[in-house]
Amino acid sequence: MPSYKLTYFNGRGRGELARLLFAAGGIEYEDVRVAGEQWQELKPKTPFGQLPILEVDGTMICESRAIGRLIAKAAGLAGKTDLEAARADMIIDGCDDLLPKLFPIFGEKDENKKAELKKEFAEKTLPPALDHFEKLASAEGYFVGKSLTWADVNFFAFMGLLGVVVPGDHIKGKVNLNKVMGNVTSNPGIAKWLKERPETEF
Amino acid sequence: GVHCGACRKMSVYELHYFNNRGRAEPARLLFAAAGLPYRDIRIQSEQWPEYKLKLPMHQVPVLEVDGTMICQSVAIARYVAKVTGHAGKTDLEQAKVDMLVDGIDDVMTKKGDYVWHEKDETRKMEKKNAFYETTLPQFLSRFEKLLLTNGGDGFLVGEGLAHADAWFLCLADDVLLDFPDIFTPYPKLAALVERIRTYPGIKEWLAKRPQTEF
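Throughout what follows, the structure given in this document is the object of discussion.

The rules behind each value
Residues numbered from 1 in each chain as written. Chains lettered and ligands numbered in written order. Predicted model: local features only at pLDDT ≥ 70, side-chain atom pairs only at ≥ 80, totals over all residues. Heavy atoms only, no water. Helix = DSSP H or I, 4+ residues; strand = E, 2+ residues; numbered from the N terminus. Rg over C-alpha atoms; globule rule 2.2 N^0.38 Å. Buried < 20%, exposed > 50% of the residue type's maximum accessible area, 1.4 Å probe, protein only. Contact = heavy atoms within 4.5 Å. Areas by Shrake-Rupley, 256 points an atom, 1.4 Å probe, with all protein chains shown as cover. 1 Å grid on protein atoms, 1.4 Å probe; cavity = no way out; pocket = protein on both sides within 12 Å on 5 of 7 lines; lining within 4 Å. Points joined across faces, edges and corners; volume = space filled by probe spheres on them. Nonpolar A, V, L, I, M, F, W, Y, C, P; charged D, E, K, R; others polar. Pairing = 2+ DSSP bridges. Axes fitted to C-alpha atoms, helices over the stretch in contact; angles between N-to-C directions.

## A few points about the overall build of chain A
Along the backbone of chain A there are 9 helices and 4 strands. Scaling as 2.2 N^0.38, a compact globule of 202 residues should have a C-alpha radius of gyration of about 17 Å, and chain A matches this with 17 Å. Across the 202 residues of chain A, 51% fall into the buried class. Here the analysis covers contacts within chain A between residues at least 6 apart in sequence; of these, 70% occur between residues at least 24 apart. Total accessible area computed for chain A in this model is approximately 9,400 Å², and 51% of it derives from carbon and sulfur atoms.

## Re the overall build of chain B
When you go through chain B residue by residue, the secondary structure sums to 8 helices and 6 strands. Helices (α) and strands (β) of chain B occur, in sequence order from the N terminus, as β-β-β-α-β-α-β-β-α-α-α-α-α-α. For chain B, whose C-alpha radius of gyration is 18 Å, the value lies close to the compact-globule estimate of 17 Å for 214 residues. Dimensions along the principal axes, computed over C-alpha positions, put chain B at roughly 55 × 45 × 30 Å. Counting the 214 residues in chain B, one finds 50% classified as buried. Accessible area of chain B: about 10,100 Å², with a carbon and sulfur share of 52%.

## Some details on empty space enclosed by the protein
Residues and elements named next belong to chain A. Taken as a whole and assessed by the stated rule, the structure comprises 1 cavity of 30 Å³ or more. The calculated volume of the largest cavity comes to roughly 110 Å³. Around the largest cavity sit Gly13, Arg14, Leu17, Ser64, Asp96, Leu99, Asn154, Ala157, Phe158 and Leu161, which together line it. With 4 residues, the top contributor of residues to the lining of the largest cavity is helix α7 (residues 150-165). Broken down by class, the residue content of the lining of the largest cavity amounts to 5 nonpolar, 3 polar and 2 charged.

## Re the sheet that holds strand β6 (residues 68-71) of chain B
All names here are of chain B. Judged by pairing direction, the sheet is mixed, and its 4 strands sit side by side in the order β4-β3-β5-β6 without closing on themselves. The open sheet has two free edges, formed respectively by β4 (39-43) and β6, since each of these has just one partner strand. If you compare each strand with its neighbour and ignore which way they point, the axes differ by 20 degrees on average. In the sheet, strand β3 (residues 13-18) pairs with strand β5 (residues 62-65) via 4 bridges, with the strands oriented antiparallel. Paired with leucine 15 across the two strands is leucine 63, which belongs to β5. Seen against the sheet, helix α1 (residues 25-34) touches β3, β4 and β5 and runs at an angle of roughly 145 degrees to β3.

Function cannot be read off these values alone, since they describe shape.
Structure below.
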């Protein structure tokens, strides 16, 4: 069993996917949270000067999706065939495509601009994407095959971030997506983590 | 196609994109490296409004595998790499390849931002200068260090060509158009680009592929 050490900031952000997958897989790991000087010291030692990073038996992997995929494989949540794995990848990439539009809203200081950006995201950017995802999720509430994969878990993580920046019930009426959310939160490992995890701003 | 031992059927691959290299080219390079046949579909712009409606996220590229549609260029290239044995040998190797691809994808997206999305000409020029003076050199310098952790004189990860190398060639082709000497401070990366260009299968594809602006 390899040793896993995850390093991210003290928040969910792009680090939570890994934490949720470790929880779902019942895999032990060190959950390191850094800030300020600690981060400045670590930064040049990371491959791209970014977090999260995952250290696996001494090898450093960066990029949240690369990390997520590695843990998903270890947890048996990456899809049963190469084609299923590709379907999971595409759902996750599609979801993550929304993050570069979402994150700037979180950091926007001008209240008027922030309100404008929120409105545009909620009314123009988000709805067509959620329509696609609703069609791609099954009636049983799985994006891939007939059981939980990391595509479902990533969607849950994304919805968590969305809720911080643009509050609202964005998947109201979307039957399949609501089932996906239910399947993720009722996973025993994830349910336990959701109760125990630190409360953070993002 | 690929011979599926269990069902004795050849898989049919169809790659849907526009008549550009763009985000379909990494997959095309991987098909070429393996000599794996596929339909290289290039959509005309007047077809697009109707065409996109049948695609999973109304975007291209899309790879159709025996009728199943995969979208998202990184997911597509990874799948083709897996089928052709260019994904990395272990889960950890695959993760290293994946992280390099995501890094390249990030830089390509930043370039796309000023090329396609910035409409104001002054801001466009400012962003372009920032890309070439800061973003790209920072990335290339980190990337060369990562190549050196794998020896420096082979491919990016492990022993053989992986989809990260295909992506890197596409990035190189793209940025060299604007700045032909961008690799001068990074000789190992320049040599890697040549190594990928002359890879059997890729070499032939580069000579015969449609010549498009981007």
